[in-house]
There are 2 protein chains.
Amino acid sequence: MVESTAKVPAAAPIAMIDAIPLSGMASPAAARLFAAMKRIDAPSLESSVGELRAYYGVLDRRRAEEMRRRFPVDIEVGSTGGVPVKIVTPREGVSSANAGRVLINLHGGAFMWGGEYGGLVESIPIAALGGFTVVAVDYRQAPEHVHPAASEDVAAVYAELLDSYTAKSIGIYGCSAGGVLTAQAIVEFTHMGLPMPGALGTFCGTGLEFGGDSPHLAALTTRSSKFPKGEVRLGALPYFGGAAADDYRVFPLVSDDWARRFPPTLMIAGGRDFAASSLTLGHRRLASVDCDSRLFLFDGLWHAFFADPELPESGEAYDLICRFFLECLG
Amino acid sequence: MVESTAKVPAAAPIAMIDAIPLSGMASPAAARLFAAMKRIDAPSLESSVGELRAYYGVLDRRRAEEMRRRFPVDIEVGSTGGVPVKIVTPREGVSSANAGRVLINLHGGAFMWGGEYGGLVESIPIAALGGFTVVAVDYRQAPEHVHPAASEDVAAVYAELLDSYTAKSIGIYGCSAGGVLTAQAIVEFTHMGLPMPGALGTFCGTGLEFGGDSPHLAALTTRSSKFPKGEVRLGALPYFGGAAADDYRVFPLVSDDWARRFPPTLMIAGGRDFAASSLTLGHRRLASVDCDSRLFLFDGLWHAFFADPELPESGEAYDLICRFFLECLG
């Protein structure tokens, strides 16, 4: 497969990109996967939503199957608060520590795809390894729906779970678009008068617009058509339709007043992730208002790397996530 | 002043470096200083030790004067445990919360310079803003001395302070070489049978060899002769004389057993710092053995950026450091 160079910025010759070897801090398995990813011809964000959903639907289904092979879970398809969900529980049963707790997973997929299998990819390892019940939410997406439809769905699920769980015993996490949506939940819950949850995980995306050095460095270092090249703006996604970077309803961490409402928050990204700078800045914002925020970057790794369970780094990320919720939930 | 291009790797044309604009997440003051730094013709690490000490001696003296103008402190020159120190105390007096506490500062300077004024630059803002007594240690350096002479000096100071303070009420921090030396103190204290201190701050350097993506990205983004280009190895410094990256005596965070001995540890670096990857990996290592480790990266900023107090990011870093020691020391 010949890689198109059309999307590489003129200032970044291919020779330059290859002049930055993969971090020696990445595992051999990550180095092999990285080399293989360079040959993948994934559709770009400019492709039609049909193409994107078809491509990622196949990829996520394969990943979800691989997750089920590795991590024994039961999956119940249903609805919570009128919103379609998949409830993932460990085959060995929820651990006694987590009997009164539940996690809500908000899948990634640029607010366009990921509803069918993406949530399973993110939920299965955490349910099995952490002994948690995880409710994976199939929230409304673009182009059929726009902001804040997904937040409304998250709040509907959360409100129904509050009938069975205390707020402090509910954790919410997500990757990429799901990390952004997790942060936005704080705004939606506040507007609805709901109590704050016990802990959040915003991975590869958080309550800030993308920006800083990361999108540039990602374009230089992750030479797969799978990743956006150059400028990447959440506000420009069909779901947000041009939201400004200082709009707290979309990016609550622009505001100290909104940051103060955040419960303990875990942030994880790859060091080459175009979202990494938004996490390092969001983490500083939360710390500056005395929020218990924790940041982990995996050197050399890329956006949403832990969707691939064969990497030892993915196991390390699952462990960080499970231990965080075990420690922080009431 | 015409900048030499000789030290820029062949694969990184100047046009490429300028194609990465400074992070939009950096403050306007940082953007101005960054532009000015590009025109600075500082000696490289390959210069003679005389040149390096002369250059950084002038720079550090100017910075120390600027720190004194901004942050009112008293400075007492003396010796502790037979090692020359400067004891920095806030002009307004040590805060009541910190009356039974002391901080040890280990200055940066590639284990070659920084003894006279570098420690003051790092100590004055923390003493004044945090209300701390800070003991800035003028430890032995290369080429006159080699590893572990500096660690022995740190241990001698620490041992004498243990006559007046409990171990848990002593914090140790340093930037660059000083961050590395701070981590190495854990090995030296263990070998001497001394109890572990209450908290550490390893900034722009920690208990791991440099490596990963950061040295490459730093070479692409920080186009000042002030910063090393391409590969940067601590082990190759005259002080270490070829130490291997897996030598726990020099890089204790290669080992889980050594990582477990670390008290709560704060790590801070610029996102463009060639040391950033060593911090993100060291932070993961500490977290994996359940150490209370905290990581902050300042997007767009460079190695040891908070030596310049005019940046708002420096004030944010001082605040993180002061609050960390206030929270973690006994």
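Everything here concerns the structure above.
Calculation notes
Residues numbered from 1 in each chain as written. Chains lettered and ligands numbered in written order. Predicted model: local features only at pLDDT ≥ 70, side-chain atom pairs only at ≥ 80, totals over all residues. Heavy atoms only, no water. Helix = DSSP H or I, 4+ residues; strand = E, 2+ residues; numbered from the N terminus. Contact = heavy atoms within 4.5 Å. Buried area = accessible area lost by both parts, 1.4 Å probe. Salt bridge = Lys/Arg side-chain N within 4 Å of Asp/Glu carboxyl O. Polar contact = N/O pair within 3.5 Å; in protein donor to acceptor, adjacent residues only side chain to side chain. Buried < 20%, exposed > 50% of the residue type's maximum accessible area, 1.4 Å probe, protein only. Pairing = 2+ DSSP bridges. Right-handed = clockwise from strand over helix to strand, strands pointing away. Phe/Tyr/Trp six-rings, centres within 6.5 Å; stacked < 30°, edge-to-face > 60°. Lys NZ or Arg CZ within 6 Å of the ring centre and 35° of its normal. Least-squares fit on C-alpha atoms with pLDDT ≥ 70 in both. Axes fitted to C-alpha atoms, helices over the stretch in contact; angles between N-to-C directions. Parallel < 35°, antiparallel > 145°, perpendicular 65-115°, else oblique. Nonpolar A, V, L, I, M, F, W, Y, C, P; charged D, E, K, R; others polar.

## Looking at the environment of Gly211 of chain B
Okay, step 1: Along the chain, Gly211 of chain B falls in the loop between β6 (199-203) and α7 (214-221).
Okay, step 2: Separated by 22 residues in the primary sequence, Gly211 of chain B and Arg233 of chain B have C-alpha atoms spaced 7.6 Å apart.
Okay, step 3: Ignoring anything within four residues of it in the chain, the contact list for Gly211 of chain B reads Met25 of chain A together with Ser277 of chain B.

## Observations regarding the interface of chain B and chain A
Okay, step 1: Listed by partner, the interface residues are 39 residues for chain B and 39 residues for chain A.
Okay, step 2: Summing both sides of the interface, chain B and chain A together bury roughly 3100 Å²; the carbon and sulfur share of this comes to 60%.
Okay, step 3: For the salt bridge of Arg272 of chain A with Asp213 of chain B, the shortest nitrogen-to-oxygen distance reads 2.6 Å.
Okay, step 4: Counting every contact that joins chain B to chain A gives 18 residue pairs in polar contact (both at pLDDT 80 or more).
Okay, step 5: Those elements that provide at least two residues to the side of chain B that touches chain A are α7, α9 (276-288), β8 (293-298) and α10 (312-328) of chain B.
Okay, step 6: Among the elements that make up the side of chain B that touches chain A, the one with the highest residue count is α9 of chain B (eight residues).

## Quick look at the pattern of salt bridges
Okay, step 1: A complete count under the given rule lists 34 salt bridges over all chains for this structure.
Okay, step 2: Close ionic contact of Glu144 of chain B with Arg53 of chain B constitutes a salt bridge, the shortest N to O distance being 2.9 Å. In this pair, Glu144 of chain B sits in the loop between β4 (134-137) and α5 (149-161) while Arg53 of chain B sits in helix α3 (residues 49-70), placing the two residues 91 residues apart along the sequence.
Okay, step 3: Residue classification places Arg53 of chain B among the partly exposed residues on the basis of a relative accessible area of 30%.
Okay, step 4: One salt bridge in this structure joins Asp257 of chain B and Arg260 of chain B, with 3.0 Å as the shortest N-O distance.
Okay, step 5: Its relative accessible area of 53% is what places Asp257 of chain B among the exposed residues.
Okay, step 6: Shared partners join several salt bridges into a network, and the residues in it are Glu66, Arg69 and Arg70 of chain A.

## With respect to the pairing of strand β7 (residues 265-270) of chain B
Residue and element names in this part refer to chain B.
Okay, step 1: For β7, the tally of buried residues reaches six of six residues, placing the bulk of the element in the interior.
Okay, step 2: Of the strand pairs in this sheet, β6 and β7 are connected by four bridges, and their pairing is parallel. Residue pairing in the sheet places Phe203 in a bridge with Ile268 of β7.
Okay, step 3: By the bridge criterion, six bridges tie β7 to β8 in an arrangement that is parallel. Bridge assignment links Ile268 to a residue of β8, and that residue is Phe296.
Okay, step 4: In this fold, β7 hands off to α9, which returns the chain to β8; that crossover is right-handed.

## Observations concerning the packing of aromatic side chains
Okay, step 1: Applying the stated criterion across every chain, the model contains 38 aromatic pairs over all chains.
Okay, step 2: With a centroid separation of 5.0 Å and 45° between ring planes, the pair formed by Phe298 of chain B and Phe305 of chain B is classed as tilted.
Okay, step 3: Above the face of the Trp258 of chain A ring, Arg261 of chain A is positioned so that its terminal group lies 4.4 Å from the ring centre.

## Details of the relation of the copies chain B and chain A
Okay, step 1: Placing chain B over chain A gives an RMSD of 0.0 Å and needs a rotation angle of 180°, together with 0.0 Å of translation along the axis. Those values place the two copies in the arrangement expected of a two-fold rotation axis.
Okay, step 2: When the interface residues of chain B are mapped onto chain A, 100% of them are again interface residues, pointing to one common binding face.

## Details of the environment of Thr80 of chain A
All names here are of chain A.
Okay, step 1: By secondary structure assignment, the location of Thr80 is in strand β1 (residues 73-80).
Okay, step 2: Considering only alpha carbons, one finds Thr80 and Ile40, 40 residues apart in sequence, at a separation of 37 Å.
Okay, step 3: Those residues in contact with Thr80 that sit more than four places away from it in its chain are Val85, Ile87, Val135, Val157, Glu160 and Leu161.

## Re the sheet that holds strand β5 (residues 170-175) of chain A
Residue and element names in this part refer to chain A.
Okay, step 1: Reading across from one edge, β1-β2-β4-β3-β5-β6-β7-β8 is the order of the eight strands in this open sheet, with mixed pairing throughout. Here the strands that pair on one side only, and so sit at the sheet edges, are β1 and β8 (293-298). Between one strand axis and the next, the sheet turns by 20° as a mean value, whatever way the strands run.
Okay, step 2: Against the sheet, helix α10 (residues 312-328) contacts β3 (102-106), β5, β6 (199-203), β7 (265-270) and β8, and its axis sits at roughly 175° relative to β8.

## Here we look at the sheet that holds β4 of chain B
All names here are of chain B.
Okay, step 1: The eight strands are arranged β1-β2-β4-β3-β5-β6-β7-β8 in an open sheet whose pairing can be described as mixed. Each edge of the open sheet is held by one strand with a lone partner, namely β1 (73-80) and β8. Put simply, the sheet's adjacent strands are angled 20° from each other on average, direction ignored.
Okay, step 2: For strand β3 (residues 102-106) and β4, the ladder comprises four bridges, and the chain directions are parallel. Following the sheet pairing, Ile104 is matched in β4 by Val135.
Okay, step 3: Running over the sheet, α5 touches β1, β2 (83-90), β3, β4 and β5 (170-175) and is turned about 170° from β3.
Okay, step 4: Packed on one face of the sheet, α10 meets β3, β5, β6, β7 and β8 and runs near 175° to β8.

## Some details on the packing of helix α5 (residues 149-161) of chain A against helix α6 (residues 177-191) of chain A
All names here are of chain A.
Okay, step 1: With their axes 9 Å apart at the nearest point, α5 and α6 run at an angle of 70° to one another. When the axes of α5 and α6 are compared, the pair comes out roughly perpendicular. Here α5 contributes Ala150, Ser151, Glu152, Val154, Ala155 and Tyr158 to the contact with α6, which in turn contributes Leu181, Gln184, Ala185, Glu188 and Phe189.
Okay, step 2: Grouping the amino acids of the contact of α5 with α6 by side-chain chemistry returns seven nonpolar, two polar and two charged.

## Considering unusual backbone geometry
Working note: non-glycine residues mostly have negative phi, and peptide bonds are mostly trans.
Okay, step 1: At the junction of His147 of chain A and Pro148 of chain A, the peptide bond is cis and its omega measures out at 5° in the coordinates.
Okay, step 2: If you check the backbone angles, Ala304 of chain A has positive phi at about 60° while not being a glycine.
Okay, step 3: For Ala304 of chain A, the location among the structural elements is in the loop between β8 and α10.
Okay, step 4: Its identity as a non-glycine residue notwithstanding, Asp290 of chain B has a phi of 65°, on the positive side.
Okay, step 5: Relative to the helices and strands, Asp290 of chain B is located in the loop between α9 and β8.

Structural measurements only, silent on function.
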